[in-house]
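Chains, contacts and geometry: an overview
So the chains spell out like this:
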Amino acid sequence: MSNDESDEQQAFRAVLPELRVWDTDLPVFDPADVPDVPLVLFHRWFVEAVAAGQAEPHAMTLATVDGDGRPDVRTLLLHDADDRGWHFASHATSAKGRQLAARPWAALGFYWPARGRQIRVRGAVSAAGAAESRADLGVRSTGALAAALTGRQSEVLGSTEELARASRAAWDRARAEPDAPAPTWTRYVLAADEVEFFQGDAGRRHVRLRYRRTAPDDGGGGWSRELLWP
């Protein structure tokens, strides 16, 4: 070990090799017995993750691309998943909002270690209308509204005191005006053209099943399925 390493780096390298994954009994996943569409399997796996005690199963990563073609990623919450696609929300003026406006394609990632599972979703993203975006914020908590009213997401912050003042004002308004508008708040929908389901296996024989949307002009516009090497 180098003498130039900090105490923090030494501590990190001491614990990292000792970590293990999926220290539990993992379910068996038979890719031959799956629904025709990925949304049904997503719903099934999501409910099973909740039943298994997975913390925050609706948390997901969102990957976008910036103006220089560089990938960007962050964690946010799933708001719905239906026949239109996977729903999430943010300010249109945020980094992710600007990136999606310029390049409306994205990928989502879900990881549920309680079941040894992950799901990857890729596709085109569209912004919902103003009414749907307002309704999205209207059903969330006072804290979510306060955060939306604080605004200026992804901008440079001068100090924590500045944030504290803006947050207090936003909370006061959210409590006094439960229907207060946040004009830049936008609901987005990712319409998947590819969804992959990954089931971990203790013997490292992981099962990867990928759904791919078939072209509408093939007469069906449905989904094909294929297995991938782990």
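Residues numbered from 1 in each chain as written. Predicted model: local features only at pLDDT ≥ 70, side-chain atom pairs only at ≥ 80, totals over all residues. Heavy atoms only, no water.

**Here's the deal with the pattern of salt bridges**
The line we're drawing: The salt bridge criterion pairs a side-chain nitrogen of Lys or Arg with a carboxyl oxygen of Asp or Glu, the two atoms within 4 Å. In this description a helix means any DSSP run of H or I spanning at least four residues, a strand means any run of E spanning at least two, and both kinds are numbered starting from the N terminus. Relative accessible area decides the class of each residue, using a 1.4 Å probe on protein chains only: under 20% of the type maximum gives buried, over 50% gives exposed, and in between gives partly exposed.
Applying the stated criterion to the full structure yields 19 salt bridges. The residue glutamate 48 makes a salt bridge to arginine 117 at a minimum N-O spacing of 2.7 Å. Of the two residues, glutamate 48 sits in helix α2 (residues 38-51) while arginine 117 sits in strand β6 (residues 117-127), which places them 69 residues apart along the sequence. In this structure glutamate 48 comes out as partly exposed when scored by relative accessible area, which is 27%. Judged by relative accessible area, which is 4%, arginine 117 ranks as buried.

**Quick notes on the environment of alanine 191**
Assignment of secondary structure puts alanine 191 in strand β7 (residues 185-199). Overall, the relative accessible area of 37% leaves alanine 191 in the partly exposed class. Put simply, alanine 191 and phenylalanine 12 are 179 residues apart on the chain and 39 Å apart in space, counted from C-alpha to C-alpha.

**Section: the nonpolar core**
A general feature of soluble globular proteins is that nonpolar side chains tend to end up buried together. Here is the rule: We define the nonpolar core as a collection of buried residues of types Ala, Val, Leu, Ile, Met, Phe, Trp, Tyr and Cys that are connected through side-chain atoms lying within 4.5 Å of one another. Contacts were defined at the residue level, with two residues in contact if any of their heavy atoms lie within 4.5 Å.
Membership of the largest hydrophobic core comes to 31 residues, with the highest contact counts inside it found for Phe42, Trp86, Phe88, Phe110, Ile119 and Val121. Elements supplying a minimum of two residues to this core: α2, β1 (59-65), β4 (85-91), β5 (105-112), β6, β7 and β8 (207-213). Once residues within four sequence positions are removed from consideration, valine 121 is found in contact with Trp86, Ala106, Ala107, Leu108, Phe110, Leu190, Ala192, Glu194 and Val195. Core analysis: the second largest hydrophobic core is formed by 11 residues, Ala89, Leu145, Ala174 and Ala180 among them.

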